[in-house]
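Each chain, written out:
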Amino acid sequence: MDFGLVLQTDPPAQLLIDRMKRAETAGFGHGWTFDSVVLWQEPFVTYARILAETERMTVGPMVTNPSTRTWEVTASLFATLNDTYGNRTVCGIGRGDSAMRVAGRKPATLARLSEAMHAIKELAEGRETVVDGTAMRLPWVKDGSLPVWMGAYGPKALELTGRQADGFILQLADPFLTEWMVKAVRSAAEQAGRDPGTVSVCVAAPAYVTDGSAGQLAHAREQCRWFGGMVGNHVADLVSRYGEHSDLVPEALTDYIKDRAGYDYSHHGRAGNPDTAFVPDEIVDRFCLLGPVEAHREKLEQLRALGVDQFAVYAMHDAVESTIDAYGSEIIPVFS
């Protein structure tokens, strides 16, 4: 199992770069960032610095979207990084949540996302494709390689992931829901004539290592409760589309948002988010990895048995360095 570190591109950029370097030293293989340039700094500038100051780490957004940049610009950004530093990027992509909504725009349709994934990959790998009716190619790309991993929750998005994407990003670490969604992706891949085993599976969620005391666990929950609110945005979309009780979406995913009210994106992905009080402890425990090292190992074993290839640590809390170090010394070696 591989491990990734997910950070927001808050200033100063040097702190993020130093943490990614620390993560590579600890054994993390991927460095991910958010991509909402109204809320945080532009990530592709920082990727160049991370790649220049690391040796093996693969970097990319978790996740970008088809709308904030034209597809040829997105492809050229990845291709330029790959040409400069070797093929060490991955394109995590979705319909667009915070990046679009904070700018007053709607997320892309799945049809548009599908077209974008195809175009970005083709261009970044040096092949000709059509973008909005115009054929184009990046003529300077040589031996480019860009895996495209799609973030998804709902049945139609999961189907598209299995049918087209190189990888699946699931932003929660509940084994029950992971099993349900991985099966959906693999089934879609098989129906599309693909080998389901070639679709990488990445589970991303906050991880907070404690000493096992009740007080530290309670603190860890408060530091990570924001995640249930972030996931709740996507769940609310599913409920609006499929209803509260649908055979297409597990109630284990939708039940907890009944008391959800408004959501202010200025607090998005941050500990202490006041819009996430509706998230119960049970959901925090199910969606995240909290507690002593043994609890993390146990849950990661469950996820690995379900076919998860990478666990990416969302580290938006007050223990970033200690979490990186604990994973590097006591968790990553066990799963290498």
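So, how was this worked out
- Residues numbered from 1 in each chain as written.
- Predicted model: local features only at pLDDT ≥ 70, side-chain atom pairs only at ≥ 80, totals over all residues.
- Heavy atoms only, no water.
- Bend = angle between axes of the 7 residues up to and from the residue.
- Helix = DSSP H or I, 4+ residues; strand = E, 2+ residues; numbered from the N terminus.
- Buried < 20%, exposed > 50% of the residue type's maximum accessible area, 1.4 Å probe, protein only.
- Contact = heavy atoms within 4.5 Å.
- Disulfide = S-S within 2.5 Å.
- 1 Å grid on protein atoms, 1.4 Å probe; cavity = no way out; pocket = protein on both sides within 12 Å on 5 of 7 lines; lining within 4 Å.
- Points joined across faces, edges and corners; volume = space filled by probe spheres on them.
- Nonpolar A, V, L, I, M, F, W, Y, C, P; charged D, E, K, R; others polar.
- Axes fitted to C-alpha atoms, helices over the stretch in contact; angles between N-to-C directions.
- Parallel < 35°, antiparallel > 145°, perpendicular 65-115°, else oblique.
- Core = buried A, V, L, I, M, F, W, Y, C linked by side-chain atoms within 4.5 Å.
- Phe/Tyr/Trp six-rings, centres within 6.5 Å; stacked < 30°, edge-to-face > 60°.
- Salt bridge = Lys/Arg side-chain N within 4 Å of Asp/Glu carboxyl O.

Describing helix H13 (residues 320-335)
The largest bend along H13 measures about 45 degrees and falls at Gly328. Of the positions making up H13, those classed as buried are Val320, Thr323, Ile324, Ala326, Tyr327, Gly328, Ile331, Ile332 and Phe335. Looking at the packing, one finds that the buried side of H13 touches strand E1 (2-7), helix H1 (13-26), strand E9 (200-209), strand E10 (289-291), helix H12 (293-305) and strand E11 (310-314).

Description of the side chain of Gln310
Tracing the backbone through its elements, the reader meets Gln310 in strand E11. Once residues within four sequence positions are removed from consideration, Gln310 is found in contact with Met1, Asp2, Phe3, Gly4, His30, Trp32, Trp149, Val201, Cys202 and Val203.

Thoughts on the state of the cysteines
Under the defined criterion, the tally for this structure stands at 0 disulfides. The cysteine Cys202 is free of any disulfide, with Cys91 supplying the nearest cysteine sulfur at 13 Å. Its relative accessible area of 0% is what places Cys202 among the buried residues.

With respect to the layout of surface pockets
If you add up the space inside the largest pocket, you get close to 540 Å³. The greatest single-element share of the lining of the largest pocket, amounting to 6 residues, is contributed by helix H9 (residues 226-242). Looking at side-chain class alone, the lining of the largest pocket contains 16 nonpolar, 10 polar and 7 charged residues. Here the second largest pocket defines a volume of roughly 230 Å³. If you go around the second largest pocket, you meet 17 residues; those closest to its centre are Gln8, Asp10, Arg19, Ala315 and Met316. Ranked by the residues each element gives to the lining of the second largest pocket, the list is headed by H1, at 3 residues.

Description of the packing of H1 against H13
Following both chains from N to C, one finds H1 and H13 inclined at 10 degrees, their axes separated by 9 Å at the closest point. Considered as vectors, H1 and H13 are oriented roughly parallel to each other. In this structure, H1 uses Leu15, Arg19, Arg22, Ala23 and Ala26 to contact H13, whose residues at the interface are Val320, Glu321, Ile324, Asp325, Gly328 and Ile332.

Description of the nonpolar core
Ranked by internal contacts, the top residues of the largest apolar core, which has 106 residues, are Phe28, Phe227, Phe287, Phe311, Tyr314 and Tyr327. Of the residues forming this core, the biggest block, 9 residues, is contributed by H9. Setting aside chain neighbours within four positions, we find Phe28 in contact with Phe3, Gly4, Leu5, Ala23, Met57, Val313, Ile324, Tyr327 and Ile332.

Notes on the environment of Ala188
Within the secondary structure, Ala188 is located in helix H7 (residues 175-191). Using a relative accessible area of 6% as the deciding quantity, one classes Ala188 as buried. Put simply, Ala188 and Leu158 are 30 residues apart on the chain and 7.7 Å apart in space, counted from C-alpha to C-alpha. Aside from chain neighbours lying at most four places away, what touches Ala188 is Leu158, Glu159, Gly162 and Arg163.

Notes on the packing of aromatic side chains
Per the stated rule, a full pass over the model turns up 14 aromatic pairs. Where Phe227 meets Tyr314, the ring centres are 5.5 Å apart and the plane angle is 45 degrees; that geometry is what we call tilted. Of this pair, Phe227 sits in helix H9 while Tyr314 sits in strand E11; the two residues are 87 residues apart in sequence, bridging distant segments of the chain. Of the two residues examined, Phe227 and Tyr314, each falls in the buried class. Among the aromatic residues, those joined into a ring-pair cluster are Phe3, Phe28, Phe311, Tyr327 and Phe335.

Re the pattern of salt bridges
If you walk through the whole model with that rule in mind, you get 22 salt bridges. Asp132 is the partner of Arg112 in a salt bridge, and the nearest nitrogen-oxygen pair spans 3.0 Å. Linking Arg112 in helix H5 (residues 110-124) with Asp132 in the loop between strand E5 (129-131) and strand E6 (134-136), this pair joins segments that are 20 residues apart in sequence. Salt-bridge contacts for Arg304 lead to Glu301; the nearest nitrogen and oxygen are separated by 3.1 Å. Of this pair, Arg304 and Glu301 both sit in helix H12, separated by 3 residues, roughly a single helical turn. A relative accessible area of 32% places Arg304 in the partly exposed class. Given a relative accessible area of 35%, Glu301 falls into the partly exposed group.

Geometric values such as these leave the question of function open.
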